[in-house]
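Chain and residue survey
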Amino acid sequence: MSHTALPVADAAEVRRHGLDLARRHARDLGWMLSLHGLAAACGLVAPWLIGSLLDEVVRGTTATTVNLFGLGLVTSLVAQSALTYWAVRRSCRFGERITAEVREDFVDRVVGLPLSTVEDAEPGDLVTRASRDTDALTNTVRYAVPEMLIALATCLFTFGALLLVGPLTALPSLVVIPLLWSSTRWYLRRSGPGYRRRGASYVALGDTLAETVPGARTVEALGLRSWRRDVLDRDLAEAYQAERHTMWLRSSWYLAVEFSYVVPVVATLVVGGVLHANGLATLGQVVAATLYVRQLIFPLDDVLSWMDEVQIGSASLARVLGVSKLPPDREPSGEQPRGERLTARAVTYTYEGGNRVLHGVDLDLTPGERLAVVGPSGSGKSTLGKLLAGIYEPESGVVELGGVRLVRLGEQELRRHIALVSQDHHIFRGTLRENLTLAKPGTGEAEARRALDAVGAAAWAAALPDGLDTLVGSGGHDLTAAQAQQVALGRLVLADPHTVVLDEATALLDPATARHTEQALAAVLGERTVIAIAHRLHTARDADRIAVLEDGRITELGNHHELLAANGAYAALWRTWHGD
Ligand SMILES: Nc1ncnc2c1ncn2[C@@H]1O[C@H](COP(=O)(O)OP(=O)(O)O)[C@@H](O)[C@H]1O
Ligand SMILES: [Mg+2]
C-alpha cells in the first residue's frame, strides 16, 4: 500500500499566518512591547549615569552630586526589575494563550481532514505533526516570540541611547551590521532546507519504528530481523547526517557571530580614544559608548539565538498548516436524499500512483436488500465498500443516495444514512459504555445493553470487572480484537443508519461467534440495506443477491441459486468452500 505525504505550507503562507496571529493579538503584543521597552530604557540609564558621573568627577564635583548619581542608579535598577516582572508575566500569559490556540487549531484541522486523506496518509506523518511539530511550535510561541520582541526592543533602545551619548562615538559600533548580516544570511540560506531535511528524517524513522512494532510477528515469522535492522540503521544514519549537518551550520555561524561581537567593542574603544585625543569626545562619552556597545551584545545575541528557534518553529508551523492545505473532498450542498436507494454508476477508482482498481462498477441496491460482495483478495472489494460508504469519491462515475451524490452530503448527514464497519476501528481510552455510545451520546442503559446483545457481546461485557463502566483502551482493560470488533458493530447498531457496509466485519471472530454475531446482527439490521463484503460464503448464501468482484469488475450478480446454476466463478468458489 502506498502512502501519500501530507502537504507542507510554503514560506508565504507561514508568514501570512504569523502576521495574521500578530494582527489578532495586536493589543497584547503592544502591551508586551511597551513594558519590555520601558524596562529596557531603565536598563540604559546606568551607563549614561556612569559616563556623566565620570565627566563630573573629571571636572571636579561634590559628594552630594555623587550620592545623587548613586540614588539615580538604584532607582533605575528597581524600576527595571518591576517593569521586567510585569512584562514577563504578560508574555507568559500571552504565550500560553497562543499555545492553546495552536493546539485547538490543529485538532480542528485534523478532525476536519478529508477521510480519504486520513486513510492514505503516512501514519507517522500525522503523529509527528501532532506531537513533535506542535511542541516545537508551542516552544517558539511561548519563549522565542516574546524573547525576540524583548531583545529587538532592547537593541533599538540601546542604539538610541548610544546616539544620544554622541553620534560620533556611536559610529564605530555600526561595523557589527555587515559582519552579522553576511554570516546570518549565509546561515539562513542553508538552515531552512537543513531543518526540513531533519524533520523528514524523523518522520521516516518514526514510520519505520511504528511499522516494526505491529509487524513484529511477521518480522519474526519470516526471519526478517536483519532486514528490519538494516532499514532502521539506514533511517538512523539519515537522521544522524541531517542532525550533524544542522549542527555544523549552527557552530560555524556561532563562531562568526562571536567574532562579530568583539569587533565593535574594540572599534568603539579605539575610535573613541582617537576622538578623545582630538578633543571630539569626552572621556565620559567614550566610556558610556563602550558600555552601551557591550550591553548591545546581549540583546543581539538573544535575537540571533531565538531566530534559530523561530526557524525551527516556522518549519513546524509549515507542517502544521500544511495539513489544512488539502482541498476538502466533500462539497455539501444541503440537498436531502430522496429515499434510501443507493446506486453506483460506471464507478472507477485509482489510488494515487497506482493502477486502476475499479473499472466501471454498476450497482443498484433496493432499500432493505442484503447484498453480499465476494471475490478474490485484492479484487477491489474494500475499495468498493469505501466508495459506497462515501469515504472515497469515485474517479469517474457516481455513487448516489436517493438521487444525491454522496460527496454532496455533509459528513454528519452522510453518517446518518450510511455507515461502514471494517476491521479498522479504534477503542478509545475510556469506559466501555463511552466507547459504545460514541455514535449516539445519551444512550440509556437498556439500549446500550440491547446493542451489546445484538452483536453477541452481552456475556463478556457483563463479566468485566466494572461491567459497562470498565475502563478500556490504552492503559485500561485489554479487549481482544474480536471484542473490539463487536464494540464497533455495537456502535453501528446504536448509530442506526439505514444503509450499512460491513467489510469483513466479523472476520476476526472465531467461526462460531461470527455465525452467532451475524445472525444477531441480521435480526437487528432486518429492515436495513446491508452490503456485506464476505469472506465466509454462508453469508453470501443467505444474502438476497451476490456480486462477484474480479479485477475491479462485477462479473456475476444474482442470488445463490441463480449463480450456482450459472456455474461460473461463484459456483466454483462455493464448491471449493463447501468441499464438494
Ligand atoms: N490505500 C491504498 N493505496 C494504494 N493501493 C491500494 C490501497 N488500498 C488498496 N490498494 C490496492 O487496490 C487493490 C484492491 O484492494 P482492496 O480494495 O483492498 O481489495 P480487497 O478488499 O478485495 O482485497 C489492491 O491491488 C490493493 O493493493
Ligand atoms: Mg479487503
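Residues numbered from 1 in each chain as written. Chains lettered and ligands numbered in written order. Predicted model: local features only at pLDDT ≥ 70, side-chain atom pairs only at ≥ 80, totals over all residues. Heavy atoms only, no water.

The next subject is helix α20 (residues 569-578). Among all positions in α20, only Y570, A571 and W574 are buried. The buried side chains of α20 occupy one side of the element, clustering within an arc of 100° when seen end-on. On its buried side, α20 packs onto β3 (370-374), α18 (537-542), β11 (545-550), β12 (553-558) and α19 (560-566). (Buried < 20%, exposed > 50% of the residue type's maximum accessible area, 1.4 Å probe, protein only. Helix = DSSP H or I, 4+ residues; strand = E, 2+ residues; numbered from the N terminus. Arc of directions from axis to C-beta. Contact = heavy atoms within 4.5 Å.)

Turning to the packing of helix α2 (residues 26-59) against helix α10 (residues 283-322), a few remarks are in order. Remark: α2 packs on α10, axes separated minimally by 7 Å, with the N-to-C direction vectors making an angle of 160°. One way to sum up the angle between α2 and α10 is to call them roughly antiparallel. Pair α2 / α10 crosses with right-handed handedness. Of the residues in α10, those touching α2 at G43, L44, P47, W48, I50, G51, L54 and D55 are L283, G284, Q285, V287, A288, L291, Y292 and Q295. A per-class count over the contact of α2 with α10 returns ten nonpolar, five polar and one charged. (Axes fitted to C-alpha atoms, helices over the stretch in contact; angles between N-to-C directions. Parallel < 35°, antiparallel > 145°, perpendicular 65-115°, else oblique. Left-handed = near helix turned anticlockwise from the far one by under 90°. Nonpolar A, V, L, I, M, F, W, Y, C, P; charged D, E, K, R; others polar.)

By the definition in use, this model includes eight aromatic pairs. For the ring pair W253 and Y254, a centre distance of 5.7 Å and an interplane angle of 35° mean the geometry is tilted. Judged by its relative accessible area of 1%, W253 falls in the buried class. Residue class for Y254 comes out partly exposed when judged on its relative accessible area of 38%. (Phe/Tyr/Trp six-rings, centres within 6.5 Å; stacked < 30°, edge-to-face > 60°.)

A few words now on the nonpolar core. By size, the foremost hydrophobic cluster in this structure holds 31 residues, and its most contacted members are L432, W460, L489 and L502. Mapped onto this core, the elements with two or more residues apiece are β6 (418-421), α13 (432-437), α14 (445-454), α15 (458-463), α16 (481-495), β9 (499-503), α17 (511-525) and β10 (529-533). Looking at this core, the element that brings in the most residues is α16, giving seven residues. Those residues within four positions of L432 in sequence are excluded, and the remaining contacts are W460, A461, L464, G467, L468, T470, V472, L479 and V487. (Core = buried A, V, L, I, M, F, W, Y, C linked by side-chain atoms within 4.5 Å.)

Residues in contact with ligand 1 amount to 13 residues; listed here are only the nearest, G378, G380, K381, S382 and T383. Side-chain polar atom of T383 to an oxygen atom of ligand 1: 2.5 Å apart, as the coordinates give it. In terms of residue count, the dominant contributor to the shell around ligand 1 is helix α11 (residues 381-388) (three residues). Partitioning the shell around ligand 1 into residue classes produces four nonpolar, seven polar and two charged. (Near = heavy atom within 4 Å. Polar contact = N/O pair within 3.5 Å; in protein donor to acceptor, adjacent residues only side chain to side chain.)

Strand order in the open sheet made by the six strands is β6-β9-β10-β3-β11-β12, with mixed pairing throughout. Lying at the two open borders of the sheet, with one neighbouring strand each, are β6 and β12. Put simply, the sheet's adjacent strands are angled 15° from each other on average, direction ignored. Note: β6 against β9, four bridges, orientation parallel. Bridging from a neighbouring strand, A419 pairs with V500 of β9. On top of the sheet, α11 reaches β3, β6, β9, β10 and β11; it is set at about 155° to β10, its chief contact. (Pairing = 2+ DSSP bridges.)

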